[in-house]
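# Commentary on secondary and tertiary structure
The chain contents come next:
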Amino acid sequence: PGTMGKSHLKIYGVSYGDCPDQDRFTKILVGLNKAWQSLVTGRPLEEIWSQLCSDLDWSAVMISKCLHFMARSAGWRDPVPTPIDYSMVRRWLWPAFKNAVGSHAMEWPRPGGVNGDSWEPYNRYMSAIRSWAEVRQWSCMEIETALFSLWRTGSKQSPDFEISPR
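Described in the following lines is the structure provided in the data block. (Residues numbered from 1 in each chain as written. Predicted model: local features only at pLDDT ≥ 70, side-chain atom pairs only at ≥ 80, totals over all residues. Heavy atoms only, no water.)

## Things to note about the pattern of salt bridges
Scanning the model with the defined rule gives three salt bridges in all. Its salt-bridge partner being E47, residue R43 comes within 2.8 Å of it at the nearest N-O pair. Judged by relative accessible area, which is 34%, E47 ranks as partly exposed. With a closest N to O distance of 3.6 Å, D85 and K65 form a salt bridge. Here D85, found in the loop between α4 (60–73) and α5 (86–103), pairs with K65, found in helix α4; they are 20 residues apart in sequence, far enough to count as distant. (Salt bridge = Lys/Arg side-chain N within 4 Å of Asp/Glu carboxyl O. Buried < 20%, exposed > 50% of the residue type's maximum accessible area, 1.4 Å probe, protein only. Helix = DSSP H or I, 4+ residues; strand = E, 2+ residues; numbered from the N terminus.)

## As for helix α2 (residues 22–40)
An α-helical turn contains 3.6 residues, so a residue and the one three or four places further along point in the same direction. For α2, spanning 19 residues, the distance from its first C-alpha to its last is 27 Å, which sits close to the expected 27 Å at 1.5 Å a residue. Close packing links the buried residues of α2 with α1 (8–12), α3 (45–56) and α4. Note on α2: the residue one or two positions beyond its end, G42, has a positive phi of about 80°. (Expected span 1.5 Å × (residues − 1). Contact = heavy atoms within 4.5 Å.)

## Considering the packing of helix α6 (residues 119–136) against helix α7 (residues 140–152)
With their axes 8 Å apart at the nearest point, α6 and α7 run at an angle of 100° to one another. As judged from the angle between their axes, α6 and α7 are roughly perpendicular. On the side of α6, the interface is formed by I129, R130, W132, A133 and R136, while α7 contributes C140, I143 and L147. Of the residues that constitute the contact of α6 with α7, the class distribution is six nonpolar, no polar and two charged. (Axes fitted to C-alpha atoms, helices over the stretch in contact; angles between N-to-C directions. Parallel < 35°, antiparallel > 145°, perpendicular 65-115°, else oblique. Nonpolar A, V, L, I, M, F, W, Y, C, P; charged D, E, K, R; others polar.)

And the structure:
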């Protein structure tokens, strides 16, 4: 299986290769439809996050990606909910960001972590991306694309955090 094979059990409730039952598909459909309605009617993202966590019991990575793509398909422009990723964000980007804040004596406290599946770590990451985009005068999607491109090249180079994201 591809990388989603590791998440199969969490998403569908059965091991990779086994067929989920119809009830699980119905639960996913109902949860995503409820989230969609909340998005298009302007409900707060934290509320939608909590609802998806409660209804689907998915990881922060999966929920953030759902929110990101649902918001884009609903016509959101910027800021769009930012997807969080284990390899790129939690293992590469965020540690570099925290180190930059500590080593460059930026005028704000060193940020907490982005691990865990609750709203707080996700919102911390999303806020940093939004702030960085604002300072750079880019969209959040431009920031995401640039970071993903840098990470995807296999570069060991950390992103340039010389401009404080504040």
